[in-house]
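Here is how the chains run, residue by residue.
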Amino acid sequence: MLYHSTNNPAHRVDLKEAILRSLPPDNGLYMPDVLPTLGEDFWNDWRDRSFQDIGFAVAKAFFGEDVPDDALREIVAGTVSFDAPLVTLGPGDHILELFHGPTLAFKDFGARFMARLMAWLTRGDDRELTVLVATSGDTGGAVASAFHNVPGTRVIILYPQGKVSGLQEKQLTALGGNITALEIQGSFDDCQALVKSAFLDRELAERLNLTSANSINLARLVPQSFYYIHAARQLPEGVKPTFVIPSGNFGNLTAGLLAVQLGLPVDQFVAATNLNDVVPEYLRLGQYTPRPSVATISNAMDVGAPSNFVRMQALFGGSWEAMKNRISGFAVDDDQTRAAIRTVKALHDYAIDPHGAIGWLAAQKWRANHPGSATVTLETAHPAKFLDVMEAELGHDCLAIPQRLAVLAGRQKVATLLPADKAVFRDWLCSM
Ligand SMILES: *Cc1c(COP(=O)(O)O)cnc(C)c1O
């Protein structure tokens, strides 16, 4: 399979280059030349298949020409080593829990698949791969956990000082080994600008064998479509889901669109955002106006220029009409988010995190206007990752902290403090 840039269909590369390069040099995004579908042999018995079997079939549809079956099966088994259960709160009101992985957010699926696929693509290469990634919170932890102890790779994570939660910081800084954390005296945007400067420095990028792990990488997107199919098979037969997706960079929603492309019957998609609502606004007005992000309590969705928007446009052939018929937008402010957290607890005795709460509220609205529909709201992170917000709404001791998060509290933070300065960053990279 070849991959082309959304900016230039004539710029085509193979799988290894699309994954290791992550971004085409023309700043577009890579798309597969052919969008795969799953055939009748899959859809005949898909409801009886395991999560891992579904994952393998999807991965084979995308990567089967380049990666042999046994390797792909192993990559999928290493990725989908925990469940994504569907929890039913009330009639038609379903929650898909995506937080049962090691770092308690859905990003574990993408990061674990990418780490394993990259390791396979670079097997036998004699040069170490350097994964460079900027994080505002959840991405860094998932990437660090996924690449920890993967031979032939080292990972450098840049995060903004004082702007990630205490536990998120421990997820980035306490692993050691091949994971190095840089605490940057600046904002997330500064971190991203530093990462970009390293990639633009061709000589440096080549010398360090740099690769990126951010959410525009196709290797993170494809495994996220596994759980859309796995969710639908947990519904009663014949029920067509409406997926409600708390969104920031819109990677998760794009993966849902890929699942439809593969043949999954879906009623509708609801894009739920916080006040960073450029996509709901586009769906309403037909105008796309990216702008600086504003801070909210659902901070993993504080994105003002969603990186996967271009891919969504490509999937709808550039047509606003087509996109707005398939995706409905819904934006929620912090007060509504807090109220939703309290309501879900009061009505269903269920603790939902601030991101999932935004989805849940959008789902209620959707079902009110579309009686009889079944919504599946993606619960993108475990509520314990956002303990401050949860305790403010539900009181102290409202949550049991999962063991894999609790152990982090006692670990030692190890990070290198650097100013948000490109020359200093370059010197640091060269001295490694
Ligand atoms: C990353 C993240 C999101 C946003 O996902 P996108 O794919 O960027 O739209 C939502 N919720 C949580 C908890 C996240 O970590």
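A word on the site of the ligand. In the vicinity of the ligand lie 15 residues, with Lys107, Asp138, Gly248, Asn249 and Phe250 positioned nearest. Take Gly248: an N or O atom from its main chain is 2.8 Å from an oxygen atom of the ligand. Between the ligand and the protein, one listed contact pairs an oxygen atom with a backbone N or O atom of Gly251 at 3.1 Å. Here the shell around the ligand is composed, by residue class, of six nonpolar, seven polar and two charged.

This part is about the packing of helix H3 (residues 51–63) against helix H4 (residues 69–79). Running from amino to carboxyl end, H3 crosses H4 at an angle of 130°, the nearest separation of the two axes being 9 Å. Here H4 runs oblique to H3, going by the angle between their axes. When you trace H3 past H4, the crossing you get is right-handed. Residue-level contacts link Gln52, Asp53, Gly55, Phe56, Ala59, Lys60 and Phe63 of H3 to Asp69, Leu72, Arg73, Val76 and Ala77 of H4. Tallied by class, residues from the contact of H3 with H4 come to six nonpolar, two polar and four charged.

Take the pairing of strand S8 (residues 179–185) next. Burial analysis of S8 places five of its seven residues in the buried class, the great majority of the element. For strand S7 (residues 153–160) and S8, the ladder comprises six bridges, and the chain directions are parallel. The residue of S8 that forms the bridge with Ile156 is Thr180. For the handedness criterion, the β-α-β arrangement of S7, helix H7 (residues 166–173) and S8 is classed as right-handed. Here S8 pairs with strand S14 (residues 416–419) via four bridges, running parallel. In the sheet register, Glu183 faces S14, and the bridge partner there is Leu417.

Here helix H8 (residues 188–200) is 13 residues long and its end C-alpha atoms lie 18 Å apart, about the 18 Å a rise of 1.5 Å per residue gives. Within H8, burial applies to Cys191, Leu194, Val195, Ser197 and Ala198. One face of H8 carries all of its buried residues, which in axial projection span an arc of 155°. Looking at H8, the residues exposed on the side facing more than 90 degrees away from the buried face are Asp189 and Leu200. Looking at the buried positions of H8, the neighbouring elements they touch are strand S6 (129–134), S7, S8, helix H9 (202–208), strand S9 (210–212) and helix H20 (422–430). Measuring from the side-chain oxygen of the N-cap residue of H8 to the backbone nitrogen of Asp189 gives 3.3 Å; that N-cap residue is Ser187.

Let us look at the side chain of Asn274. Examined against the element boundaries, Asn274 turns out to sit in the loop between strand S11 (268–273) and helix H13 (278–285). Exposure remark for Asn274: the relative accessible area of 0% places this residue in the buried category. Polar contacts involving the side chain of Asn274 include one to the main-chain amide nitrogen of Asn276, which spans 2.9 Å. Side-chain polar atoms of Asn274 contact the side chain of Asp302, separated by 2.9 Å.

All right, on to the sheet that holds strand S1 (residues 3–5) then. As summarised here, the arrangement of the three strands in space is S2-S1-S3, forming an open sheet in which the pairing is antiparallel. In this open sheet, the two strands that pair with only one neighbour each are strand S2 (8–13) and strand S3 (30–32). Looking at each pair of strands side by side, their axes are set apart by 40° on average, direction ignored. Bridge count for S1 against S2 is three bridges, and the pairing is antiparallel. Residue pairing in the sheet places His4 in a bridge with Arg12 of S2.

Conventions used here
Residues numbered from 1 in each chain as written. Predicted model: local features only at pLDDT ≥ 70, side-chain atom pairs only at ≥ 80, totals over all residues. Heavy atoms only, no water. Near = heavy atom within 4 Å. Polar contact = N/O pair within 3.5 Å; in protein donor to acceptor, adjacent residues only side chain to side chain. Nonpolar A, V, L, I, M, F, W, Y, C, P; charged D, E, K, R; others polar. Axes fitted to C-alpha atoms, helices over the stretch in contact; angles between N-to-C directions. Helix = DSSP H or I, 4+ residues; strand = E, 2+ residues; numbered from the N terminus. Parallel < 35°, antiparallel > 145°, perpendicular 65-115°, else oblique. Left-handed = near helix turned anticlockwise from the far one by under 90°. Contact = heavy atoms within 4.5 Å. Buried < 20%, exposed > 50% of the residue type's maximum accessible area, 1.4 Å probe, protein only. Pairing = 2+ DSSP bridges. Right-handed = clockwise from strand over helix to strand, strands pointing away. Expected span 1.5 Å × (residues − 1). Arc of directions from axis to C-beta.

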